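In case you want the letters, here they are:
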Amino acid sequence: MHRFANPARFLRIANALLPWLTVGTVACLGIGLYMALFASPPDYQQGETVRIMYVHVPSAWMALFIYVFIAIASACSLIWRHPLADVAAKAASPIGAGFAFLTLVTGSLWGEPMWGTWWVWDARLTSMLVLFFLYLGHMALMGAFEEQSRGYRAAAVLALVGVINIPIIKFSVDWWSTLHQPASVIRLDGPTIDPSMLWPLLIMGLGFKLFFATLLIVRMKSELMAARVRALSLAQLRNA
Amino acid sequence: MTLKKVIARDLRLALRQKTDAATVVLFFALTAALFPFAIGPEAAILLRIAPGVIWVTALLSVLLSLERLFLADFEDGTLELMFLSSLPLELVVFGKVLAHWLVSGLPLIVATPLIAILYGLPFAALTVMLPALLLGTAALSLIGAIGAALTIGARRGGILVPLLVLPLYIPVLIFGIAATDAGISDGAIKAPLMILSALLLGMLFVAPLASGVALRQALE
């Protein structure tokens, strides 16, 4: 892992990987969207609205996955002071927030025709909302310091505290939701999903993951470039 | 420096500035008294919302009082001296949170019966609500300490703390309300109270650790 601590080496590998990841993302999303929008059957109960699921479910996966990714990067940053782990955590956070937001928006768009309301205080929706807030807090703390290194460290501690708390929050929200309202929701999940719907979903999931990897590398590259620009302009000021 | 000295020092400072602790309780009472104006004086509705109002206002009071937890000591350099002393920083955090809870969390619990009267809550309900608040506010202070420690030296530190801490407060709120509601309706109080205790114990471990890491990098 420490072999990748050198930004120059990271940039070399990233530049080599980036075209492949981009092509993979475009291919997976293209095939996945075609299968999801045209080649898969409408649901016998939900009709065409089921197609929202092909964006909604992978977004929810990614929103969770990216928080865990940030937590792992934060642990690496705090334990080994790995410089690229900080950059990765900073780059990943807005992407994760974006996916959490997308999950909420698509869920809401699906809920309106299905449940007749834009928002239900359902356990999963509420947990995703809390996760979205955790992302926003992480981003705000990341940018709250004059020195970026303080922002990195503080946000890393917050991400680790957050990842300990996510299962607790999930559990408590489940308890709260069963306490206050009956389960009234049609559930899509479980192994009961038909292969004609599962395949587009899995391809979309893969496409989203590749999209995240691509975006992460682009954002990390621009973050490293920005740091270099800062260092260069400081050196210029010193020489002047 | 010993743990007892940290606690005694913070308590002494708080007692000299009596208005600070009083402000928190006043904020709690005034905010809680605001809801009947917004919702109307119907006794049945007030009784229904009372546990929620008391818990949310207590939570906000704890949150508002936390901002100064480390900041004053950080600004005048005391925190640095505590950091250099033989006492581990985690214990310093624990002592400061304990002292802070004694002067701003405990008074909230003392004031709660008064607010219960305003909302017409039966006194029997308090036998569960007060222990739940005791466990809950302590857990809230500990979680809040992490937020306070993380935002030392940050721009807009004051408004940042709620953003960081409020999502983490949700479990305490849920189980605090669950215990209180069960106390009012004679439901099962044991499970939520035990979970609240578990949250408190967990935070007793996590909060000093995380705050310690946060303070160390602020002092570097």
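You'll find the structure just up there.
Computed from a predicted structure; not experimentally measured. (Residues numbered from 1 in each chain as written. Chains lettered and ligands numbered in written order. Predicted model: local features only at pLDDT ≥ 70, side-chain atom pairs only at ≥ 80, totals over all residues. Heavy atoms only, no water.)

Peer 1: I'd like a rundown of the overall build of chain A, residues and numbers included.
Peer 2: Helices and strands together make up the secondary structure of chain A, namely six helices and zero strands. Listing each helix as α and each strand as β along chain A from the N terminus yields α-α-α-α-α-α. Excluding contacts between residues fewer than 6 apart, the proportion of contacts in chain A whose partners are at least 24 apart in sequence is 80%. For chain A, the computed accessible surface area is about 12300 Å², with 72% contributed by carbon and sulfur atoms. Each charge sign in chain A was given a centre, from 17 positive and 11 negative side chains, and these centres are 17 Å apart. (Helix = DSSP H or I, 4+ residues; strand = E, 2+ residues; numbered from the N terminus. Contact = heavy atoms within 4.5 Å. Areas by Shrake-Rupley, 256 points an atom, 1.4 Å probe, with all protein chains shown as cover. Lys, Arg positive; Asp, Glu negative; His and termini not counted. Charge placed at Lys NZ, Arg CZ, Asp CG, Glu CD.)

Peer 1: Any details on the interface of chain B and chain A? Residues and values, ideally.
Peer 2: Each partner contributes to the interface: chain B provides 28 residues, whereas chain A provides 30 residues. A combined buried area of about 2500 Å² lies between chain B and chain A, and 74% of that area is made up of carbon and sulfur atoms. Inspection of the region where chain B meets chain A yields one salt bridge. In this structure, B:Arg155 and A:Glu146 form a salt bridge, with 3.4 Å as the shortest nitrogen-oxygen distance. For the pair chain B and chain A, the number of links is five residue pairs in polar contact (both at pLDDT 80 or more). Residue assignment for the side of chain B that touches chain A shows that the elements contributing at least two residues are helix H7 (123–150), helix H8 (157–184) and helix H9 (190–219) of chain B. Within the side of chain B that touches chain A, the residues separate by chemical class into 23 nonpolar, three polar and two charged. (Buried area = accessible area lost by both parts, 1.4 Å probe. Salt bridge = Lys/Arg side-chain N within 4 Å of Asp/Glu carboxyl O. Polar contact = N/O pair within 3.5 Å; in protein donor to acceptor, adjacent residues only side chain to side chain. Nonpolar A, V, L, I, M, F, W, Y, C, P; charged D, E, K, R; others polar.)

Peer 1: I'd like a rundown of helix H3 (residues 43–65) of chain B, residues and numbers included.
Peer 2: Its 23 residues place the ends of H3(B) 31 Å apart at the C-alpha level, agreeing with the 33 Å of an ideal helix rising 1.5 Å per residue. When the local axis directions of H3(B) are compared, the greatest deviation, roughly 45°, occurs at B:Ile49, which is followed within four positions by the proline B:Pro51. (Expected span 1.5 Å × (residues − 1). Bend = angle between axes of the 7 residues up to and from the residue.)

Peer 1: Now, about helix H1 (residues 7–39) of chain A: what can you tell me, with residues and values included?
Peer 2: Residues and elements named next belong to chain A. Bending of H1 peaks at approximately 35° at the position of Leu17, with proline Pro19 no more than four residues after it. Inspection of H1 places Phe10, Leu11, Ala14, Leu18, Leu21, Gly24, Thr25, Cys28, Gly32 and Ala36 among the buried residues, and these make up the whole buried set. In this structure, the buried side of H1 is in contact with helix H2 (53–80), helix H3 (83–115) and helix H6 (195–239). (Buried < 20%, exposed > 50% of the residue type's maximum accessible area, 1.4 Å probe, protein only.)

Peer 1: So what's going on with empty space enclosed by the protein? Which residues, and what values?
Peer 2: All names here are of chain A. A complete count under the given rule lists one cavity of 30 Å³ or more for this structure. Its boundaries defined by the atoms lining it, the largest cavity holds a volume of some 40 Å³. Taken together, Ser74, Ser77, Asp86, Ala89, His138, Met142, Tyr152, Ala155 and Ala156 make up the full set of residues lining the largest cavity. Counting residues per element, the ones that place at least two in the lining of the largest cavity are H2, H3, helix H4 (123–142) and helix H5 (148–180). In terms of residues, the lining of the largest cavity owes the most to one element, H5, which gives three residues. (1 Å grid on protein atoms, 1.4 Å probe; cavity = no way out; pocket = protein on both sides within 12 Å on 5 of 7 lines; lining within 4 Å. Points joined across faces, edges and corners; volume = space filled by probe spheres on them.)

Peer 1: I'd like a description of the layout of surface pockets, backed by residues and values.
Peer 2: Roughly 800 Å³ of internal volume is contained in the second largest pocket. A:Trp176, B:Val56, B:Ile170, B:Leu173 and B:Ile174 are the residues nearest the centre of the second largest pocket, which is lined by 28 residues in total. The dominant element in the lining of the second largest pocket, judged by the number of residues it contributes, is H8(B), at eleven residues. Grouping the constituent residues of the lining of the second largest pocket by class yields 23 nonpolar, three polar and two charged.

Peer 1: An account of the packing of helix H4 (residues 68–75) of chain B against helix H6 (residues 89–118) of chain B is needed here, citing residue identities and associated values.
Peer 2: Residue and element names in this part refer to chain B. Direction vectors running N to C along H4 and H6 enclose 120°, while the axes themselves pass 10 Å from each other. Between H4 and H6, the interaxial angle falls into the category oblique. In the packing of H4 onto H6, the handedness of the crossing is right-handed. Residues Leu69, Phe70 and Asp73 of H4 pack against Val93, Lys96, Val97 and His100 of H6. Here the contact of H4 with H6 is built from residues that sort into four nonpolar, one polar and two charged. (Axes fitted to C-alpha atoms, helices over the stretch in contact; angles between N-to-C directions. Parallel < 35°, antiparallel > 145°, perpendicular 65-115°, else oblique. Left-handed = near helix turned anticlockwise from the far one by under 90°.)

Peer 1: Mind laying out the packing of aromatic side chains, listing which residues take part and the relevant values?
Peer 2: All names here are of chain A. Applying the stated criterion across every chain yields a total of twelve aromatic pairs over all chains. Note on Phe65 and Phe212: the rings are 6.0 Å apart at their centroids and 90° apart in plane angle, and the pair reads as edge-to-face. With Phe65 in helix H2 and Phe212 in helix H6, the pair connects residues that are 147 residues apart, well separated along the chain. Ring plane angle 70° and centroid distance 5.4 Å describe the contact between Tyr67 and Tyr135, whose orientation is recorded as edge-to-face. Placement of the pair is Tyr67 in helix H2 and Tyr135 in helix H4, with a sequence separation of 68 residues. The residues Tyr67 and Tyr135 share a single accessibility class, namely buried. Taken together, Phe65, Phe69 and Phe212 form an aromatic cluster joined through their ring pairs. Its guanidinium or amino end placed over the ring of Phe65, Lys209 lies 4.2 Å from that ring's centre, counting from NZ or CZ. (Phe/Tyr/Trp six-rings, centres within 6.5 Å; stacked < 30°, edge-to-face > 60°. Lys NZ or Arg CZ within 6 Å of the ring centre and 35° of its normal.)

Peer 1: Quick one: what's the story with unusual backbone geometry, residue by residue and with numbers?
Peer 2: A positive phi angle, near 50°, is found at A:Arg81, a position not held by glycine. Looking at the element boundaries, A:Arg81 is found in the loop between H2 and H3.

Peer 1: Summarise the nonpolar core; cite the residues concerned and give the values.
Peer 2: Grouped burial of nonpolar side chains is what soluble globular proteins tend to show. Core analysis: the largest hydrophobic core is formed by 130 residues, its most contacted members being A:Ile66, B:Phe70 and B:Tyr169. Examining the composition of this core, we find that 15 residues originate from one element, H7(B), more than from any other. Sequence-distant contacts of B:Tyr169, defined by excluding residues within four places in its chain, comprise B:Leu59, B:Val62, B:Leu63, B:Leu66, B:Leu140, B:Ile143 and B:Gly144. Among the nonpolar cores identified, the runner-up in size contains five residues, and A:Ala123, A:Ile169, A:Val173 and B:Ile174 belong to it. (Core = buried A, V, L, I, M, F, W, Y, C linked by side-chain atoms within 4.5 Å.)

Peer 1: Can you tell me about a nonpolar patch on the surface, naming the residues and giving the values?
Peer 2: Residues and elements named next belong to chain B. A cluster of nonpolar side chains, Phe27, Val56, Leu60, Leu64 and Leu166, forms an exposed patch at the surface whose accessible area comes to about 370 Å². It is H3 that provides the largest number of residues to the nonpolar patch, a total of three residues. Counting through the fold element by element, Leu64 comes out in helix H3. (Patch = residues over 30% accessible without salt bridge, like charges linked within 9 Å, V, L, I, M, F, W, Y side chains within 5 Å.)

Without other data, these values stay purely geometric and don't point to any function.
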